[in-house]
Amino acid sequence: MRPSLAFSCLLFSLSLSQFTAVSFSSLEPVLCHNDERLALMQFKESFIIDKRASAASSSAYPKVDNWKFQGVDCCSWNGIECDLITGQVIGLDLSGSCLYGSISSSSSLFHLVQLQMLNLAFNDFNYSVIPSALGNLLMLTYPQPISFCFYWSNTIRNFRVP
């Protein structure tokens, strides 16, 4: 008598889950890419850390303070999310990070081409215009539609990128 289709699918699923567990458990952890670590450090260095820059956020703290260039995997830095397989930076949440300064189209931020999520809310970008280079981050999927909250002088303004 032939086994039922449901039983065959169950056996296949169990076999696949055992293979997956063995395959992925033996992999070394993937570290962030050196070029992305450098881009993040350059982005950090382009700002002044100023608690007043995030005055509108009660949970503000300078997330970039623990970012160190040498010997540390940037995937473990505050505000950074990396792809578990490739090690590429896919998320950057620097909301309420006490950042003060401007973002230009030549910012190293735009070297993080795999970014899927970007949150820069509750920082003071000193009246800077949203850079056109933001449109080059084609992988951004969050927030939808792409919107950013920039903090200008005691006022919160939301802007949308066309």
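None of the values given here were measured: they were computed from a predicted structure. (Residues numbered from 1 in each chain as written. Predicted model: local features only at pLDDT ≥ 70, side-chain atom pairs only at ≥ 80, totals over all residues. Heavy atoms only, no water.)

Trainee: How should I be thinking about the overall build of the protein in this particular structure?
Mentor: Within the protein, the secondary structure is distributed over two helices and seven strands. Mapped in sequence order, the helices and strands of the protein form the string α-α-β-β-β-β-β-β-β. Residue burial in the protein is summarised as follows: out of 162 residues, 38% are buried. Just so you have it, the protein exposes about 9900 Å², and 59% of that area is on carbon and sulfur atoms. (Helix = DSSP H or I, 4+ residues; strand = E, 2+ residues; numbered from the N terminus. Buried < 20%, exposed > 50% of the residue type's maximum accessible area, 1.4 Å probe, protein only. Areas by Shrake-Rupley, 256 points an atom, 1.4 Å probe, with all protein chains shown as cover.)

Trainee: Would you explain the side chain of S97 in this entry?
Mentor: When you line up the elements, S97 lands in the loop between β3 (89-93) and β4 (99-100). Taking relative accessible area as the criterion, S97 reaches 0% and is therefore assigned buried. Not counting residues up to four positions away in its chain, the partners in contact with S97 are I49, S54, Y61, P62, K63, F122 and N123. (Contact = heavy atoms within 4.5 Å.)

Trainee: Help me understand the state of the cysteines in this model?
Mentor: Every disulfide links exactly two cysteines, by a covalent bond between their sulfur atoms. As enumerated under the stated definition, the model contains two disulfides in all. One disulfide bridge connects C32 with C74, the sulfur atoms lying 2.2 Å from each other. Of this pair, C32 sits in the loop between α1 (5-25) and α2 (34-45) while C74 sits in the loop between β1 (48-49) and β2 (80-82), and the two are 42 residues apart along the sequence. You can call C32 buried: its relative accessible area is 8%. When the cysteines engaged in disulfides are numbered in sequence order, the protein pairs them as 1-2, 3-4. (Disulfide = S-S within 2.5 Å.)

Trainee: Explain the sheet that holds strand β5 (residues 117-119) to me, please; I cannot follow it from the model alone.
Mentor: In a beta sheet, neighbouring strands are held together by backbone hydrogen bonds and run either parallel or antiparallel to one another. One open sheet accounts for three strands, arranged β2-β3-β5; its pairing is mixed. Looking at the sheet topology across the chains shown, the edges are occupied by β2 and β5. Each adjacent strand pair in this sheet contributes to an overall mean axis angle of 20 degrees, direction not counted. For β2 and β3, the ladder comprises three bridges, and the chain directions are antiparallel. Bridging from a neighbouring strand, E81 pairs with G91 of β3. (Pairing = 2+ DSSP bridges. Axes fitted to C-alpha atoms, helices over the stretch in contact; angles between N-to-C directions.)

Trainee: I would appreciate a short explanation of the packing of aromatic side chains in the present structure.
Mentor: Pairs of aromatic rings are described using the distance from one ring centre to the other and the angle between the two planes. According to the stated counting rule, one finds three aromatic pairs in the structure shown. Between F43 and F47, the ring centres sit 5.0 Å apart and the planes meet at 75 degrees, which makes this aromatic pair edge-to-face. Here F43 and F47 have matching classes, each one buried. When the centroid spacing of 5.8 Å and the interplanar angle of 75 degrees are considered together, the rings of F47 and F125 count as edge-to-face. Taken as a pair, F47 in the loop between α2 and β1 and F125 in the loop between β5 and β6 (147-152) lie far apart in primary sequence, 78 residues in all. Both residues of the pair, F47 and F125, count as buried. (Phe/Tyr/Trp six-rings, centres within 6.5 Å; stacked < 30°, edge-to-face > 60°.)

Trainee: Is there a simple way to think about the nonpolar core in this case?
Mentor: Soluble globular proteins tend to pack their nonpolar side chains together in the buried interior. With 30 residues, the main nonpolar core has L40, W67, L92, L109, L115 and L118 as its most contacted residues. Of all elements in the fold, only α2, β2 and β3 reach the threshold of two or more residues within this core. Looking at this core, the element that brings in the most residues is α2, giving four residues. (Core = buried A, V, L, I, M, F, W, Y, C linked by side-chain atoms within 4.5 Å.)

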